Amino acid sequence: MNILNIPQIKHTDSGNFFLLAGPCAIEGEEMAMKIAEKLVSITDKLEIPFVFKGSFKKANRSRIDSFSGIGDEKALKILEKIAKTFGVPTVTDIHTNEDATMAAQYVDVLQIPAFLVRQTDLVVAAANTGKVVNLKKGQFMSPESMKHAVQKVLDCNNQNVMITDRGTMFGYQDMIVDFRGIPTMQNYATTVLDVTHSLQQPNQTAGVTGGRPDMIETIAKAGIAVGVDGIFIETNFYPANAKSDGANMLHLDYFEALMTKLVAIRKTINQF
């Protein structure tokens, strides 16, 4: 996939990786707009092609009392406002065929969650909207198996597909990134490394997923070093107060420093 096919994406001639970043879930307009404003400022300064990420709802929660959203249309309209205000593309997760049709009216990229990437009807519904489709690699899937998910999109006459690696289950309560999978999946599609979800510690007894945010920089640097096309990072001004996935988010205060390091690594890698 040529990232130029993502509407409104900027800085495509910079030689940088592209970035999908934002909060896990849209919790309200004010928080989303503030995060977007900060991320746009950083990515414009560093000339990083940027897609704002925010889930309009969270359907895959461990507990029934966990936060799932502020209302589908309300959250999607916030994503639409961010795109219009800042002139950047947006991406959100979908969970049902109906979600694909609805979300496609508001965002530029439809993301298939890792747990659902084998659901043929859902992948086809996303592909048939004509939007860019981001396929999250299942934690239980090999890199090689993702070629079949990609082919489902291609068979719908939609060439705009990418894969995002979000780690692989390592035992019951940990994740690991196998960097050998990145060049493998690049044979099938543009490939992104989801740094923060790769550091989750799922299946905790409390029913709330844990994480290792102290390892974000390590995993991100390694991904850039092996030549991944894009980076995915969830971030927030107040991760401890986030209503979803706060345990593995990057604090937004540290975002620019990390991006500066990653840009320097990519510049070095581009020389070889």
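Above: the structure in question.
The model shown is predicted, which means the values in this text are computed figures rather than measured ones. (Residues numbered from 1 in each chain as written. Predicted model: local features only at pLDDT ≥ 70, side-chain atom pairs only at ≥ 80, totals over all residues. Heavy atoms only, no water.)

1. Observations regarding the overall build of the protein chain
- Helix and strand content of the protein chain: eight helices and 13 strands.
- Computed over C-alpha atoms, the radius of gyration of the protein chain comes to 17 Å, within 12% of the 19 Å expected from 2.2 N^0.38 for 272 residues, which places it in the range of a compact globule.
- Taking the principal axes of the C-alpha coordinates as reference, the protein chain spans close to 50 × 45 × 40 Å.
- With 272 residues in all, the protein chain has 54% of them scored as buried.
- When contacts within the protein chain are restricted to residue pairs at least 6 apart in sequence, those whose partners lie at least 24 apart make up 71%.
- Computing the positive centroid from 27 side-chain charges and the negative centroid from 29, the protein chain places the two 2 Å apart. (Helix = DSSP H or I, 4+ residues; strand = E, 2+ residues; numbered from the N terminus. Rg over C-alpha atoms; globule rule 2.2 N^0.38 Å. Buried < 20%, exposed > 50% of the residue type's maximum accessible area, 1.4 Å probe, protein only. Contact = heavy atoms within 4.5 Å. Lys, Arg positive; Asp, Glu negative; His and termini not counted. Charge placed at Lys NZ, Arg CZ, Asp CG, Glu CD.)

2. Let's talk about the nonpolar core
- Residues Phe52, Leu135, Phe255 and Met259 are the most contacted members of the largest nonpolar core, which totals 69 residues.
- The leading source of residues in this core is helix H1 (residues 29-46), at nine residues.
- In terms of nonpolar packing, the next biggest core, distinct from the first, is built from 12 residues, Ile6, Ile9, Val51 and Phe232 among them. (Core = buried A, V, L, I, M, F, W, Y, C linked by side-chain atoms within 4.5 Å.)

3. Considering the pattern of salt bridges
- Inspection of every chain in the model, using the stated rule, returns 12 salt bridges.
- When the shortest N-O distance is used, the salt bridge between Glu29 and Lys81 registers 2.5 Å. Pair noted here: Glu29 is in helix H1 and Lys81 is in helix H2 (residues 72-86), with a separation of 52 residues, a long-range link.
- Among the residues examined, Lys81 registers a relative accessible area of 36% and is labelled partly exposed.
- As a salt-bridge pair, Glu256 and Lys45 come within 2.6 Å of each other at their nearest N and O atoms. (Salt bridge = Lys/Arg side-chain N within 4 Å of Asp/Glu carboxyl O.)

4. What about the packing of aromatic side chains?
- One pass over the full model with this rule turns up one aromatic pair.
- Seen in terms of ring centroids, Phe237 and Tyr238 are 6.5 Å apart; in terms of plane orientation they differ by 50°. Their pairing is tilted.
- Residue Tyr238 is classed as exposed on the basis of its relative accessible area of 58%.
- Lying across the ring of Phe232, Lys136 places its NZ or CZ 4.5 Å from the centre. (Phe/Tyr/Trp six-rings, centres within 6.5 Å; stacked < 30°, edge-to-face > 60°. Lys NZ or Arg CZ within 6 Å of the ring centre and 35° of its normal.)

5. So, the pairing of strand E6 (residues 161-165)
- E6 sits mainly inside the fold: five of its five residues count as buried.
- The pairing of E6 with strand E9 (residues 190-194) spans four bridges and is classified as parallel. From the neighbouring strand, Ile163 faces E9, where its bridge partner is Thr191. (Pairing = 2+ DSSP bridges.)

6. Looking at the packing of H1 against helix H8 (residues 255-269)
- It is at 10 Å that the axes of H1 and H8 come closest, and there the two elements cross at 25°. It follows from the interaxial angle that H1 and H8 lie roughly parallel. Crossing geometry of H1 relative to H8 is assigned as right-handed. In this structure, H1 contributes Leu39, Ile42, Lys45 and Leu46 to the contact, and H8 contributes Phe255, Glu256, Met259, Thr260 and Val263.
- Looking at the contact of H1 with H8 residue by residue, the class counts come to six nonpolar, one polar and two charged. (Axes fitted to C-alpha atoms, helices over the stretch in contact; angles between N-to-C directions. Parallel < 35°, antiparallel > 145°, perpendicular 65-115°, else oblique. Left-handed = near helix turned anticlockwise from the far one by under 90°. Nonpolar A, V, L, I, M, F, W, Y, C, P; charged D, E, K, R; others polar.)

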